[in-house]
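Here is what each chain is made of, one letter per residue.
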Amino acid sequence: MAEYTRLWNCLALIRLRNPPVNSISTAVLHGIKAGLQKALTDHTVKAIVICGADGKFSAGVQVCDSSVFYNAQCSP
Ligand SMILES: CCCCCCC/C=C/C(=O)SCCNC(=O)CCNC(=O)[C@H](O)C(C)(C)COP(=O)(O)OP(=O)(O)OC[C@H]1O[C@@H](n2cnc3c(N)ncnc32)[C@H](O)[C@@H]1OP(=O)(O)O
């Protein structure tokens, strides 16, 4: 999952949440894409911050989820 929040001062936040290490699964990838689309359609947003939940950024791609590679390559 990735949660979108509109912050103050023209900032948008996308927080990766996939315990225990916020790895990037297909669902997280879709959440990032949805968050980016929201931010890009809000013309008051000037910067996008991407962080991880619970004090961790991300362990990178989720091992054993090979569909992440397919989705990353095939999604416009
Ligand atoms: C966005 C488009 C993507 C396109 C692909 C682009 C190419 C991308 C490549 C990459 O992302 S390469 C990087 C892949 N990631 C890694 O190699 C990280 C491997 N993990 C670690 O080095 C360590 O686990 C850690 C993140 C430094 C954390 O270490 P720590 O000692 O704190 O905890 P651990 O006991 O090692 O792990 C806890 C728990 O988390 C699971 N886990 C760790 N990494 C992943 C992961 N990448 N995917 C899924 N799960 C992961 C680990 O198995 C442990 O689980 P349990 O054993 O507790 O069930």
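About the thresholds
- Residues numbered from 1 in each chain as written.
- Predicted model: local features only at pLDDT ≥ 70, side-chain atom pairs only at ≥ 80, totals over all residues.
- Heavy atoms only, no water.
- Helix = DSSP H or I, 4+ residues; strand = E, 2+ residues; numbered from the N terminus.
- Rg over C-alpha atoms; globule rule 2.2 N^0.38 Å.
- Buried < 20%, exposed > 50% of the residue type's maximum accessible area, 1.4 Å probe, protein only.
- Areas by Shrake-Rupley, 256 points an atom, 1.4 Å probe, with all protein chains shown as cover.
- Lys, Arg positive; Asp, Glu negative; His and termini not counted.
- Charge placed at Lys NZ, Arg CZ, Asp CG, Glu CD.
- Core = buried A, V, L, I, M, F, W, Y, C linked by side-chain atoms within 4.5 Å.
- Contact = heavy atoms within 4.5 Å.
- Salt bridge = Lys/Arg side-chain N within 4 Å of Asp/Glu carboxyl O.

Caption draft 1: Summary view of the overall build of the protein chain. Looking only at helices and strands, the protein chain features two helices and three strands. Reading the secondary structure of the protein chain in the N-to-C direction produces β-β-α-β-α. Over its C-alpha trace the protein chain gives a radius of gyration of 13 Å, about what one expects of a compact globule, namely 11 Å for 76 residues. Counting only C-alpha atoms, the protein chain reaches 40 × 30 × 15 Å along its principal axes. Put simply, the protein chain has 76 residues, and 28% of those count as buried. In the form shown here, the protein chain has an accessible surface area of approximately 4,900 Å², with 64% of it arising from carbon and sulfur atoms. A gap of 6 Å separates the mean positions of the 7 positive and 4 negative side-chain charges of the protein chain.

Caption draft 2: Here's a closer look at the nonpolar core. Ala2, Ile14, Leu16, Val28 and Ile32 together form the largest nonpolar core, which totals five residues. Those residues within four positions of Ala2 in sequence are excluded, and the remaining contacts are Ile14, Arg15, Leu16, Val28, Gly31 and Ile32.

Caption draft 3: Region of the structure containing the pattern of salt bridges. Taken as a whole, this structure holds four salt bridges when the rule is applied. The closest approach of N and O atoms between Asp42 and Arg6, which form a salt bridge, is 3.2 Å. Residue Asp42 is located in the loop between α1 (26–41) and β3 (47–52), and its partner Arg6 is located in strand β1 (residues 2–6); the two are separated by 36 residues in the primary sequence. By sharing partners, the salt bridges in this structure join Glu3, Arg15, Arg17 and Asp54 into a single network.

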